[in-house]
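# Structure assessment
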Amino acid sequence: MALVYFDWLDYLVFGAMLLLSALIGVYFAFFATKKQNTTAEYLMGGKTMGMFPISMSLIASYVSGISLLGLPAEMYTYGTQLWTIVLSEWVVSVTISIIYLPVFYNLQITSTYEYLRLRFNQNVRLLGSIIFIIKMLLYIPIVIYVPALAFSQVTGVNLHMITPIVCLVCIFYTTLGGLRAVVWTDALQTILMYFGVVFVLVYGTWRLGGVSEVIRINKEGDRLDFFIMDMDPTIRHTFWTTVFGNYFSWLASCSVNQAMIQRCLALSSLKRARITIFIMAAGIFIIVSLCCYTGLVIYATFATCDPLTTGAIRKSDQLLPYFVMTITGSIPALPGIFMSGVFSAALSSMSTGLNSLCGVIFEDLIRPAYNKPISERTASFIMKIIVVVIGGICVALVFLVEHMGALIQAGKSLAGITAGSLLGLFSMGLFLPWINNTGALVGGISSTLLVGWISLGTQAAMLRGEIVITPKPVEVSGCATNYTLPTTSPPHTTVEFDRSGTFFLYRLSYLYYTLVGMLVCITVGSLVSYFTRFNDPAMVHRDLLTPVIHRFLPPQSVYCRRPRLTQHDIELHAREMERLRSSAALMKDETGIEANLFPRRNSNNNYMY
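Residues numbered from 1 in each chain as written. Predicted model: local features only at pLDDT ≥ 70, side-chain atom pairs only at ≥ 80, totals over all residues. Heavy atoms only, no water.

### Some details on the overall build of the chain
A tally of regular secondary structure across the chain gives 19 helices and two strands. Sequence-distant contacts, at least 24 apart, represent 83% of the contacts inside the chain between residues at least 6 apart. If you sum the accessible surface of the chain, you get close to 24,600 Å²; carbon and sulfur atoms cover 66% of it. (Helix = DSSP H or I, 4+ residues; strand = E, 2+ residues; numbered from the N terminus. Contact = heavy atoms within 4.5 Å. Areas by Shrake-Rupley, 256 points an atom, 1.4 Å probe, with all protein chains shown as cover.)

What follows is the structure in C-alpha cells.
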C-alpha cells in the first residue's frame, strides 16, 4: 500500500482548526464583554462558566494526543489488557465527588496548593507547588511531541520544524484569552477529536467487513487479553495493575490536580461541579474505548504485513497516522480532519497545563513573595509572561522526548514520580488530622525522591536493553515484497518483563508508581509526625478535613481557628470594602442618611451585614 501525504485540502482543514483556536483567544482578549484582565477572570473564568464547556475541557485535557496515538499502538503491540483502565475511572469519579471536591469547593481557593498552606504551612504548600511544576514540565513536552510525530508521518515534514509552530498557536490563545479561551477552545477541539476518531474507525471497520471480522482477526492474532489475573507486580499489564493500580494514578490526576479543581471551581455550585465530573467520566470512557478499538482495527488491517517490521514507520506510535494515510488518504479532507483531532487533543492538554501552571506559579510562588498587594493589571501582565516563558521551556524539552519508549508507558512513568507524593500529601491532610507539618514535608520529599529514582532508573535500564517488553507476534507474510522477521526478535511469552536479574523495583509495573509513592508519603509522614509529636485532631478545623471522616473525630476545640484568609482573599475583601464605602458615600449624598453597608463580626468570627 502506497503512503499518501497531505494535499491542499487537508492543509486547509488543518489550518482552519489552528486559525479558529487562535481567534477564540483573540475574541476573549479583546471583544468579549468580560475582559481577561483580573486574576478571577483569567484563572477562574469569573466562576460563571457553564457545565458544557467545562465538561468538554476536562475531557480534552485528560485525553491528550498521547491517548489518541498511544492507546491504538498499545492494543496493536501488546494486546487489549490496558483497555480495562476504563473500569477504574468510574470509581474515581465517585471518590472525587464525595471525598475531595467538597473540601476544595468549600474553601474556594484559586490554587489547589493553597490547601496545603491552610492545612500544614507555607513550606508544605511550596513543596506541593514545586512537585506540580516538575510534573507538568515532564508531561507537556510529551504532549507536544505527539502531534509533531503524527504530523511528520502524514506530511513528511521534520517534526522539529512543526513543534515551534504548534506551540506558538497554543501559547498565543492561552496567553491572550485566559481560562475562558482555554475552555471554549477545548470544547471545539473535543468535538473535532471525537469526529476524527469516529470517522476513521467506522471507515476502517466497514472496509474490513464489520466488527465481527475485526474481533475474529484480533482473536487469531492473540490480541484479546482482558483478564490476565496474575498477581505478580512486575508484569507490566495485568487486570490488577490496570484496574487497581490505575485507580490511584487516575485519582491523583483528577482529585488533587490544579487543572481539575480550577475548572470545577469555575462553576457556580458544588452540584454542577459533581455533574460535570460524571459527564467527564462518561466522555473519557467513550473516547478511550474508541481509541482502543481503533487499535484493533489497525491490527486487523495490517495483520499479515506489520509496518514496523517492514520499516514503513520508525516507532509504534506512528501506527495510527500511517493507517489513516494508507487506508483513508484517498478520501478528500479526511487526513486533515484526523490530524485536526490529534492536534486538538494535544493543544487542549498543553493549554490546560500552561493555564494551570500559570495559576500555581503566580498564586504560590510570586504573590507570597510580594509584601504589598499586586494590582489586577500587574497580575494579568505577570501571568501572561509566565505562560510565554513556560511554553518556551516546554518546547525546548520536547527534543528529549523522542529518545523515550512507548508514549503511554513513558507518560505514566514520569507522571508517577510526582503523582504519588501529591496524592499522599493531600490524602494525609484530608484524612489524617494528626499528621503535622514536619511529617507532611518529609513524607512528600521522600516519596518524590524514591519514585523518581525508580522511574528514571527503569527508563535507563530499558534504554540499556536490560529490561525487555515483549510484544505480541506479528506477521509479514502478506506484504507485497518478501520480508523476514529479524533473528533478534524476542520469543513470544506471557511474561512481558525480562527476568534477567534487573533490580526488582526497576521491574515493577509503572501503573503501581502512584500507589507506591502515596504509601511511602503517608508512611514516612506518619512516622515523622509520631517522633515529632502528633497534631491534636481537635485543633484541626473541620473545613480542612473530608466530610467522610467528620463523625469519627473528637469534638472540635473551641480554640480551633477557622482557615486563615489567603492573600488573594484579603485583596478581594479590600476591593469589596472600597466598593461598599463608595456606595455608602453616594447614598449619603443623595438621601442625607448614612447607610449601614459595612460588615461587622459576630461571636463566631463571621461577617454580618
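That shown, we press on.
### Observations regarding the nonpolar core
Ranked by size, the top nonpolar core spans 151 residues in total, and within it Tyr115, Met260, Ile287, Phe323 and Met350 carry the most contacts. Examining the composition of this core, we find that 16 residues originate from one element, helix 7 (residues 122–155), more than from any other. Beyond its immediate stretch of four places on either side in the chain, isoleucine 287 contacts Val63, Leu68, Met193, Tyr194 and Val197. (Core = buried A, V, L, I, M, F, W, Y, C linked by side-chain atoms within 4.5 Å. Buried < 20%, exposed > 50% of the residue type's maximum accessible area, 1.4 Å probe, protein only.)

### Re the packing of aromatic side chains
By convention here, two paired aromatic rings are described through the distance between centres and the angle between planes. All told, the structure shown has 18 aromatic pairs when counted by the stated rule. Judged by centre distance (5.8 Å) and plane angle (20°), the ring pair of tyrosine 115 and phenylalanine 426 falls under stacked. Of this pair, tyrosine 115 sits in helix 6 (residues 114–119) while phenylalanine 426 sits in helix 16 (residues 407–431), and the two are 311 residues apart along the sequence. Its relative accessible area of 0% is what places tyrosine 115 among the buried residues. Judged by relative accessible area, phenylalanine 426 falls into the buried class, the value being 0%. Grouped by ring-pair contacts, the aromatic residues Phe104, Tyr113, Tyr115, Phe132 and Phe426 constitute a single cluster. The ring of tyrosine 76 has arginine 223 sitting right over it, with the charged end atom 5.9 Å from the ring centre. (Phe/Tyr/Trp six-rings, centres within 6.5 Å; stacked < 30°, edge-to-face > 60°. Lys NZ or Arg CZ within 6 Å of the ring centre and 35° of its normal.)

### Notes on the environment of tyrosine 293
In this fold, tyrosine 293 is placed in helix 12 (residues 270–301). With a relative accessible area of 12%, tyrosine 293 lands in the buried category. For the pair tyrosine 293 and threonine 80, spaced 213 residues apart in sequence, the C-alpha separation works out to 9.0 Å. Setting aside anything within four residues of it in sequence, one finds tyrosine 293 in contact with Trp83, Leu201, Thr205, Val211 and Val214.

### Regarding the side chain of lysine 472
For lysine 472, the position within the fold is in the loop between helix 17 (437–463) and helix 18 (513–531). Classification of lysine 472 as buried rests on a relative accessible area of 13%. A polar atom in the side chain of lysine 472 sits 2.4 Å from the side chain of aspartate 225. (Polar contact = N/O pair within 3.5 Å; in protein donor to acceptor, adjacent residues only side chain to side chain.)

### A closer look at the pattern of salt bridges
One pass over the structure, following the stated rule, counts five salt bridges. Of the charged contacts, one joins glutamate 74 and arginine 236 as a salt bridge, the two residues approaching to 2.8 Å between their closest N and O atoms. Taken together, the residues span a long stretch of sequence, with glutamate 74 in helix 4 (residues 65–78) and arginine 236 in the loop between helix 9 (211–220) and helix 10 (239–255) at a distance of 162 residues. Here the two residues glutamate 74 and arginine 236 agree in accessibility, since each one is buried. (Salt bridge = Lys/Arg side-chain N within 4 Å of Asp/Glu carboxyl O.)

### Some words on the side chain of threonine 276
Among the structural elements, threonine 276 can be located in helix 12. Judged by its relative accessible area of 0%, threonine 276 is buried. When residues no more than four places from it in sequence are discounted, the contact partners of threonine 276 are Met51, Ile54, Ser55, Leu58 and Leu267.

### Quick word on the packing of helix 10 against helix 18
Orientation of helix 10 relative to helix 18, taken along the N-to-C sense of each, is 70°, at an axis distance of 7 Å. In terms of their interaxial angle, helix 10 and helix 18 are classed as roughly perpendicular. Between helix 10, through Phe244, Phe248, Ser249 and Ala252, and helix 18, the contact on the second element is made entirely by Thr514, Leu515 and Met518. Looking at the contact of helix 10 with helix 18, its residues break down into five nonpolar, two polar and no charged. (Axes fitted to C-alpha atoms, helices over the stretch in contact; angles between N-to-C directions. Parallel < 35°, antiparallel > 145°, perpendicular 65-115°, else oblique. Nonpolar A, V, L, I, M, F, W, Y, C, P; charged D, E, K, R; others polar.)

### Remarks on helix 5 (residues 85–107)
Here helix 5 is 23 residues long and its end C-alpha atoms lie 32 Å apart, about the 33 Å a rise of 1.5 Å per residue gives. Judged by how many residues are buried, helix 5 sits mostly within the fold: 17 of 23 residues are covered. At the C-terminal side of helix 5, glutamine 108 shows a positive phi close to 55°. (Expected span 1.5 Å × (residues − 1).)

### Concerning unusual backbone geometry
Even without being glycine, aspartate 222 reaches a positive phi, approximately 60°. Relative to the elements of secondary structure, aspartate 222 occurs in the loop between helix 9 and helix 10. In this structure aspartate 222 comes out as partly exposed when scored by relative accessible area, which is 31%. The phi dihedral of arginine 533 is positive, around 85°, even though this residue is not glycine. Within the element layout of this structure, arginine 533 appears in the loop between helix 18 and helix 19 (567–591). On the basis of relative accessibility, which here comes to 69%, the residue arginine 533 falls in the exposed class.

### Quick look at the confidence of the model for the chain
Of the residues in the chain, 79% reach a pLDDT of 70 or more, and the chain-wide mean stands at 76. A low-confidence stretch, residues 485–499 (pLDDT under 50), is modelled with 34 contacts involving residues beyond four sequence positions or located in other chains. For residues 597–609, every residue scores under 50 in pLDDT, and the model assigns this stretch 25 contacts once sequence neighbours within four places are set aside. (pLDDT = per-residue confidence, 0-100.)

### Quick look at helix 17
In this model helix 17 runs 39 Å from its N-terminal to its C-terminal C-alpha over 27 residues, within 8% of the 39 Å that 1.5 Å per residue would give. In the stretch just after helix 17, glycine 465 is the one whose phi turns positive, near 85°.

### Observations regarding the packing of helix 5 against helix 10
At their nearest, the axes of helix 5 and helix 10 sit 8 Å apart, and the two run at 30° to each other. Comparing their axes, helix 10 and helix 5 come out roughly parallel. For helix 5 against helix 10, the interelement crossing comes out right-handed. Across the interface between the two elements, Ile85, Leu87, Ser88, Glu89, Val91, Val92, Thr95, Ile96, Tyr100 and Phe104 of helix 5 pack against Phe239, Thr242, Val243, Asn246, Tyr247, Trp250, Leu251, Cys254 and Ser255 of helix 10. (Left-handed = near helix turned anticlockwise from the far one by under 90°.)

### Observations regarding the environment of valine 520
For valine 520, the location among the structural elements is in helix 18. Separated by 77 residues in the primary sequence, valine 520 and glycine 443 place their C-alpha atoms 7.0 Å from one another. In contact with valine 520, not counting residues within four places along its chain, are Ser446, Ser447 and Leu450.

### What to know about the environment of leucine 126
Tracing the sequence through the fold places leucine 126 in helix 7. Accessibility expressed as a relative area gives 33% for leucine 126, which makes it partly exposed. Measuring from C-alpha to C-alpha, the distance between leucine 126 and aspartate 364 comes to 6.8 Å, with 238 residues separating the pair along the chain.

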